[in-house]
Amino acid sequence: MADTRLVEAASIPPSTAADPYGRPEGRPQLGALLLRDGVITVEQLEAALAQKEAEGGRLGEILLRYNVATGAAIARALAEQYGFEYVELGRLDLDAAATSLLPENVARRLSALPIAFDAEGTVVVAVTDPTDVMASDDLRLALGLPIRFVVASVSDLARTLDRLFRANVQVEMESDVLPEEEEAPLEDITDGDVADAPAIKLTNQIIANAIAEGASDIHFEPQPQAMVVRARIDGVMRRVAEVPTGLMPAVTSRLKIMGELDIADRRNAQDGRVSIRYDGQPIDLRIAVLPTTFGEKVVLRILHRASGRLGISDLGMHPDAEAVLMRALKQPYGAVLTVGPTGSGKTTTLYAALEFLNDDERSLATIEDPVENQIPGITQVEVNVRAGLTFASGLRTMLRADPDVVLIGEVRDEETARIAIQAAMTGHLVLTTLHTHNAASSIARLRDMGVDQSLIATSVNCIVAQRLARRLCVHCREPYHPTEAEQIADGLKGVLHPGEALYRARGCTECADTGYDGRVALYEVMPVSGRIRHLIEASTEEIFAAAVDAGMTTLREDGIRLCRAGVTSLEEVHRVTGDRLM
């Protein structure tokens, strides 16, 4: 009886009414498609049909409400039913020029989102309900352009709208402090007639989306046909938008105006900065403009000033490495250096050290460019080159203010290096960063900067080298067993237990099909003590070998530790450490 009722319900003649999106007449039933694909059983369909008869509503909504079918399965069946393409928005690089066509309130009300332009200039719009006649009419009226519809699941569209319109795209420019030391009111560049300009809307949208995705840099790159926008997310460049040719000059001018740069000068490189607020949080943008063959390339460096503070134990160091760092920080004087390339998390490590040292018994001071995180109880100074406040000049004055601990954002030149190491020798604990490949090469770098070798041997307590590798997405990472050849090539022979599995990236909607989500730090902690103090004049290779003999875990070895824990992949470790062991 049940089967007969089901067959009758599932084999209702296809609808002959023209659908609102102009698709061909004659469509299969949703229940039949879900049954065919094995998404639901006969009993589940019969129960849902009974519920529909008793209470009304749509079959897909009932199946979703009772967790009988997933939103993706229902959307896929709806797309087939009405002859549309099904899309997973989390796997797509959405075109910011398209997504900015609809305001947030309209997109949410219509459950629709423009996501791209096809080759003919038609707007591709993702919808969740292909049967909504009023929504289709409203979309055509709101966009005023030719439209091609695709279908996405309700949850996928909701997540995408949340990501795109997080903080309502509130990017507010923060004015400089007035001479009277009163803060000027924030300028909300999304309010008023100015914010309605297409170039400003598009620029704000791109910046907001990149911040929401966790980008560290945004590159606006002019090409012959358009301006390509890429963002560095989790340390890897990803294409995020494309600015139409007609808007390229306006977008470039808008970015230069934000940085208080000369919009008429298109031949020279320029640097600027602007402070904004996003989702109520202050963020600094460093703006660099570089003339290129096809126009001016603009790069924004995103610096979060109000990120959550971490302690030493939150960094994820191996216990042995953490113990070495803690011993160095407990010394009353000396220098602790964090080294690595730009964007490797060096400042985060130093802030964690400040958290450990920050108490009422010490006077702590920092000089940074810029101050990335304001910490109560610490005197923090921001470099201002235009006003004559450099790292070297600020450090000299700061050392006369009786600090116990000094953090120097970066040792960039010979003068700052000498002052920092001398301060470490004269009773101060100095925390600073260098740009070197690993811990051992930092000693040679200090020698090259003119620091006396005897001062290096007696003043440097510890050197921490680090890299940031992408974390594997926990939703889609897959285990595998490396072959013997792979184990030998990666130095894993004899390291892995028999049958031990590693993990590699696969990709899913949760991680935008990258296989990674977030980053984790690799550490190499080298104490400058014992034999290493006597090797200050030696080569980097000799110092490195001596540190390994003394028990130092290298960056590569720390990466393999994280691989065995399923946190990252061997490919990531290779990418961030290179093929060399040092």
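Residues numbered from 1 in each chain as written. Predicted model: local features only at pLDDT ≥ 70, side-chain atom pairs only at ≥ 80, totals over all residues. Heavy atoms only, no water.

**Quick look at the packing of aromatic side chains**
Our working definition: Stacked, edge-to-face and tilted labels apply to pairs of Phe, Tyr and Trp rings (six-membered ring for Trp) whose centres lie within 6.5 Å, assigned for plane angles under 30 degrees, over 60, and everything in between, in that order. Numbering goes from the N terminus for both helices and strands, where a helix is a DSSP run of H or I of at least four residues and a strand is a run of E of at least two. Between buried and exposed lies partly exposed: a residue is buried under 20% and exposed over 50% of the maximum accessible area for its type, with that area taken using a 1.4 Å probe on protein chains only. Any Lys NZ or Arg CZ found within 6 Å of a ring centre and within 35 degrees of that ring's normal is scored as a charge over the ring.
One pass over the structure, following the stated rule, counts one aromatic pair. Relative to Phe-149, the ring of Phe-84 has its centre 6.5 Å away and its plane inclined at 80°; by these criteria the two rings are edge-to-face. In this pair, Phe-84 is assigned in the loop between helix 5 (71-82) and strand 1 (85-86) and Phe-149 in strand 4 (residues 147-151), connecting sequence segments 65 residues apart. Phe-149 carries the same exposure label as Phe-84, and that label is buried. The ring of Tyr-516 carries Arg-470 above its face, with NZ or CZ at 4.1 Å from the centroid. Sitting over the ring of Tyr-503, Arg-477 keeps its end group 4.5 Å from the ring centre.

**Quick notes on the sheet that holds strand 4**
Heads up, the condition is: Paired strands are those between which DSSP finds at least two bridges. Working rule for contacts: check all heavy atoms of both residues, and any pair within 4.5 Å makes them a contact. Each axis is a line fitted through C-alpha atoms, taken for helices only over the stretch in contact, and angles between the N-to-C directions span 0 to 180 degrees.
Within the open sheet, the four strands sit side by side as 1-4-3-2. Their pairing is mixed. Both outer strands of the open sheet, strand 1 and strand 2 (112-117), are each paired with one neighbouring strand and no more. Two strands pair when backbone bridges link them, and strand 1 and strand 4 are joined in this way by two bridges, in the parallel orientation. From the neighbouring strand, Tyr-86 faces strand 4, where its bridge partner is Val-151. Contacting strand 2, strand 3 (123-127) and strand 4, helix 8 (residues 133-143) crosses the sheet at an angle of about 135° to strand 4.

**With respect to helix 3 (residues 42-55)**
Rules: For a helix, the expected span equals 1.5 Å multiplied by the number of residues minus one. The directions from the helix axis to the C-beta atoms are what the arc is built from.
Look at helix 3: 20 Å from first C-alpha to last across 14 residues, which is about the 20 Å you get at 1.5 Å a residue. Of the positions making up helix 3, those classed as buried are Leu-45, Ala-48, Leu-49 and Gln-51. The arc enclosing the buried residues of helix 3, seen along the axis, measures out at 160°, which places them on a common side. Exposed and oriented more than 90 degrees from the buried face of helix 3 are Glu-43, Glu-53 and Ala-54.

**Section: the confidence of the model for the protein chain**
Operational definition: The predictor rates its confidence in each residue with pLDDT, a number between 0 and 100.
Per-residue pLDDT for the protein chain has a mean of 84; in total, 88% of the residues score no lower than 70. The low-confidence segment residues 1-18 (pLDDT under 50) makes 27 contacts with residues lying over four places distant or belonging to another chain. Low pLDDT (under 50) marks residues 175-196, which in the prediction has 30 contacts with non-local residues, meaning those over four places away or in another chain.

**Quick look at the nonpolar core**
Going by this rule: Buried Ala, Val, Leu, Ile, Met, Phe, Trp, Tyr and Cys residues that are joined via side-chain atoms within 4.5 Å together make up what is termed a nonpolar core.
By size, the foremost hydrophobic cluster in this structure holds 50 residues, and its most contacted members are Ile-408, Ile-443, Val-460, Ile-463, Met-526, Ile-532 and Ile-543. Looking at this core, the element that brings in the most residues is helix 15 (residues 414-425), giving six residues. With residues near it in sequence (within four places) discarded, Ile-532 still touches Ile-443, Met-526, Pro-527, Ile-543, Ala-546 and Ala-547. Among the nonpolar cores identified, the runner-up in size contains 46 residues, and Ile-40, Ile-62, Ala-75 and Val-127 belong to it.

**Here's the deal with the sheet that holds strand 13 (residues 334-339)**
Either a parallel or an antiparallel arrangement is found when strands of a sheet pair, and the pairing is made through backbone hydrogen bonds. The strand order 15-14-16-17-13-18-21 describes an open sheet built from seven strands, whose pairing is mixed. Looking at the sheet topology across the chains shown, the edges are occupied by strand 15 (379-382) and strand 21 (516-527). Averaged over all pairs of adjacent strands, the angle between their axes in this sheet comes to 15°, without regard to strand direction. Pairing geometry for strand 14 (residues 364-368) and strand 16 (residues 405-408), over four bridges, is parallel. Note that in strand 16 the partner of Ala-365 across the bridge is Val-406.

**As for unusual backbone geometry**
Despite not being glycine, Asp-234 has its phi angle at roughly 55°, a positive value. The topology assignment puts Asp-234 in the loop between strand 8 (227-233) and strand 9 (236-243). The buried category is assigned to Asp-234, whose relative accessible area is 16%. Positive phi is not limited to glycine here, since Glu-260 has a value of about 55°. Structurally, the position occupied by Glu-260 is in the loop between helix 11 (248-258) and strand 10 (270-278). On the basis of relative accessible area, Glu-260 is assigned to the exposed category, the value being 60%.

**A word on the pairing of strand 7 (residues 215-222)**
Most of strand 7 is tucked away, with eight of its eight residues classed as buried. In this structure, strand 7 lies alongside strand 8, joined through seven bridges in antiparallel fashion. Pairing of Glu-221 across the sheet is with Val-228, part of strand 8. Hairpin connection, strand 7 to strand 8: the antiparallel pair is bridged by four residues. Inspection of the sheet shows strand 7 paired to strand 12 (residues 295-304) by four bridges, in the antiparallel sense. Looking across to strand 12, one finds that Asp-217 is bridged to Arg-301.

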